[in-house]
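Overview (structure and organization)
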Amino acid sequence: MASVFGKPRAGSGPPSAPLEVNLAILGRRGAGKSALTVKFLTKRFISEYDPNLEDTYSSEETVDHQPVHLRVMDTADPDTPRNCERYLNWAHAFLVVYSVDSRQSFEGSSSYLELLALHAKEMQRGYPALLLGNKLDMAQYRQVTKAEGAALARRFGCLFFEVSACLDFAHVQHVFHQAVREARRELERSAPARPLFISEDRAPGHQAPLTARHGLASCTFNTLSTVSLKEMPAVAQAKLVTVKSSRAQSKRKAPTLTLLKGFKIF
Ligand SMILES: Nc1nc2c(ncn2[C@@H]2O[C@H](COP(=O)(O)OP(=O)(O)OP(=O)(O)O)[C@@H](O)[C@H]2O)c(=O)[nH]1
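- Under an unreviewed UniProt entry, the chain has the name Ras-like protein family member 12 and belongs to Chinchilla lanigera.
- Looking at the Sequence similarities (unreviewed entry) heading of the UniProt record, one finds this comment for the chain: "Belongs to the small GTPase superfamily. Ras family."
- The annotation that UniProt attaches to the chain under Catalytic activity (unreviewed entry) is "GTP + H2O = GDP + phosphate + H(+)".

Following this line, the structure appears as structure tokens:
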């Protein structure tokens, strides 16, 4: 299903380079954003985490036989969307996550979808978004029916999946790859057409905006100027690393393999 969020900004490189896709994971605290991110990147489920850290990870993926350089921002808003520009101005697509056993997180996901729709309207373009009902393994404690999730997704014209970070990896991978496909579709759709010739009598001041000429989306300079380089998320490599100080190590003397946001893997 196509997204109503419309055109994303451009982000693809030259034809031979891998497609570059930025994906932001949004949702209320505890919905499982980090668990899904880690599951996708490592095939593992983790249960310990630092809820206050926000990181962006990169991963080389192959989607439909095409190489993709995927960056995933695992956001950590407090209770409601805050300083949203950091992901609104960065991502090509969004995964909005709620937990099927939490009505509150479902309501939170609705706020995020509204935020994306508002932003799309304001910027006169849009973004693919996928709605994810996580913790499907906890279905016996459901507070949100599948029909409610599907209805919310329909309202905003986005794809909908129920998933679990602690069950099948293939399904989680499918969802992330689907987000890449949605982003790619929008990138292809919004790719600026190359002019066949340039009219000689065009007045010098009548060039297309710089952003459009460089294949970027039609952000206003006002918006662009508010995004300083310092605010751009640093990219961490999605690989196992040993962390020198962590909650895990304070509890355990043995070296602990720690992944990403302070997650530990034994
Ligand atoms: N049973 C079950 N538990 C999950 C699942 N996904 C996450 N959890 C647990 O839910 C809790 C919250 O998961 P996180 O991934 O940290 O949630 P988050 O959305 O990143 O939360 P913040 O970091 O606070 O923003 C953790 O205890 C996870 O182990 C799932 O699919 N099934």
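Further notes follow.
1. Quick notes on the overall build of the chain
- The helix and strand tally for the chain stands at eight helices and 10 strands.
- In the chain, which comprises 266 residues, the share counted as buried stands at 47%.
- Considering only contacts in the chain between residues 6 or more positions apart, those separated by 24 or more positions represent 72%.
- For the chain, the exposed surface amounts to about 14100 Å²; the carbon and sulfur share of it is 54%.

2. A short note on the confidence of the model for the chain
- For the chain, the mean per-residue pLDDT works out to 74, and 64% of the residues sit at or above 70.
- Confidence drops under pLDDT 50 across residues 1–10; counting only partners more than four residues distant or on other chains, this segment forms 59 contacts.
- A low-confidence stretch, residues 262–266 (pLDDT under 50), is modelled with 22 contacts involving residues beyond four sequence positions or located in other chains.
- Across the interfaces of the predicted complex, the ipTM metric reaches 0.98, alongside a pTM of 0.73.

3. Points about the site of the ligand
- The full set close to the ligand counts 21 residues, and Lys 33, Ser 34, Ala 35, Asp 137 and Ala 165 are the nearest of them.
- A distance of 2.8 Å separates an oxygen atom of the ligand from a polar side-chain atom of Ser 34.
- In the model, an oxygen atom of the ligand is placed 3.4 Å from a nitrogen or oxygen of the Ser 164 side chain.
- Taking 640 Å² as the accessible area of the ligand by itself, protein coverage stands at 88%.
- Of the residues assigned to the shell around the ligand, the class counts are nine nonpolar, six polar and six charged.

4. Digging into the packing of helix H1 (residues 33–42) against helix H5 (residues 169–190)
- Two numbers describe how H1 lies on H5: the axes approach to 9 Å, and their chain directions differ by 100°. Classified by the angle their axes make, H1 and H5 are roughly perpendicular. Of the residues in H5, those in contact with Leu 36, Thr 37, Lys 39 and Phe 40 of H1 are Phe 169, Val 172, Gln 173, Phe 176 and His 177.
- The residue makeup of the contact of H1 with H5, split by class, is five nonpolar, three polar and one charged.

5. Some remarks on unusual backbone geometry
- The phi dihedral of Lys 43 falls on the positive side, at around 70°, and the residue is not glycine.
- Relative to the elements of secondary structure, Lys 43 occurs in the loop between H1 and strand E2 (55–63).
- In this model, Asp 64 sits at a positive phi of 55°, which is unusual for a non-glycine residue.
- Inspection of the secondary structure assignment puts Asp 64 in the loop between E2 and strand E3 (66–74).

6. So, H5
- Over its 22 residues, H5 runs 32 Å from end to end, which matches the ideal 32 Å to within 8%, given 1.5 Å per residue.
- One side-chain oxygen at the N-terminal end of H5 lies 3.3 Å from the backbone nitrogen of Ala 170; it belongs to Asp 168.

7. A look at the pairing of E2
- Where E2 meets E3, nine bridges bridge the pair, whose relative direction is antiparallel. Bridging from a neighbouring strand, Asp 55 pairs with Asp 74 of E3.
- In sequence, E2 turns back onto E3 through a hairpin of two residues, with Asp 64 there showing a positive phi of about 55°.

8. Topic: the packing of helix H3 (residues 103–123) against helix H4 (residues 146–156)
- H4 packs onto H3 with a crossing angle of 10° between their chain directions and a minimal axis gap of 10 Å. What the angle tells us is that H3 and H4 run roughly parallel. Every residue of H4 that contacts H3 at Arg 103, Phe 106, Ser 109, Ser 110, Leu 113, Glu 114 and Ala 117 is listed here: Glu 148, Gly 149, Leu 152, Arg 155 and Phe 156.
- Its residues placed into classes, the contact of H3 with H4 shows five nonpolar, three polar and four charged.

Rules and cut-offs
All chains use their own residue numbering, which begins from 1 and follows the written sequence. Local features in this predicted model are restricted to residues whose pLDDT is 70 or higher, and side-chain atom pairs enter the listing and the counts only when it is 80 or higher, whereas totals over whole chains, interfaces and linings include all residues. Only hydrogens and water are removed before side-chain values are computed, so all heavy atoms of the structure are retained for them. UniProt positions are given in the numbering used here, feature names are shortened, and annotations may be inferred rather than shown by experiment. Helical segments are the DSSP runs of H or I of at least four residues, strand segments are the runs of E of at least two, and each set is numbered from the N terminus. Accessibility here uses a 1.4 Å probe with only protein chains present; expressed as a share of the type maximum, an area under 20% marks a residue as buried, one over 50% as exposed, and anything in between as partly exposed. Here, two residues are considered to be in contact whenever any of their heavy atoms come within 4.5 Å of each other. Computed with a 1.4 Å probe, the accessible areas rest on the Shrake-Rupley method; for each residue, only the protein chains presented here act as cover. Residue-level confidence of the predictor is summarised by pLDDT, bounded by 0 at the bottom and 100 at the top. Put simply, a residue is near a molecule or strand once any heavy atom of it comes within 4 Å of that molecule or strand. Pairing of N or O atoms within 3.5 Å defines a polar contact, subject to two protein rules: one partner must be a possible hydrogen donor and the other a possible acceptor, and residues neighboring in sequence count only if both atoms are side-chain atoms. Side-chain classes are defined by residue name, with Ala, Val, Leu, Ile, Met, Phe, Trp, Tyr, Cys and Pro counting as nonpolar, Asp, Glu, Lys and Arg as charged, and the others, Gly among them, as polar. Between N-to-C directions, angles span 0 to 180 degrees; the directions come from axes that are lines fitted to C-alpha atoms, helices contributing only their stretch in contact. What sets the label is the angle itself: under 35 degrees gives roughly parallel, over 145 gives roughly antiparallel, 65 to 115 gives roughly perpendicular, and the rest give oblique. Expected helix span is taken as 1.5 Å per residue step, with the number of steps being one fewer than the number of residues. At least two DSSP bridges between two strands are needed for those strands to be called paired.

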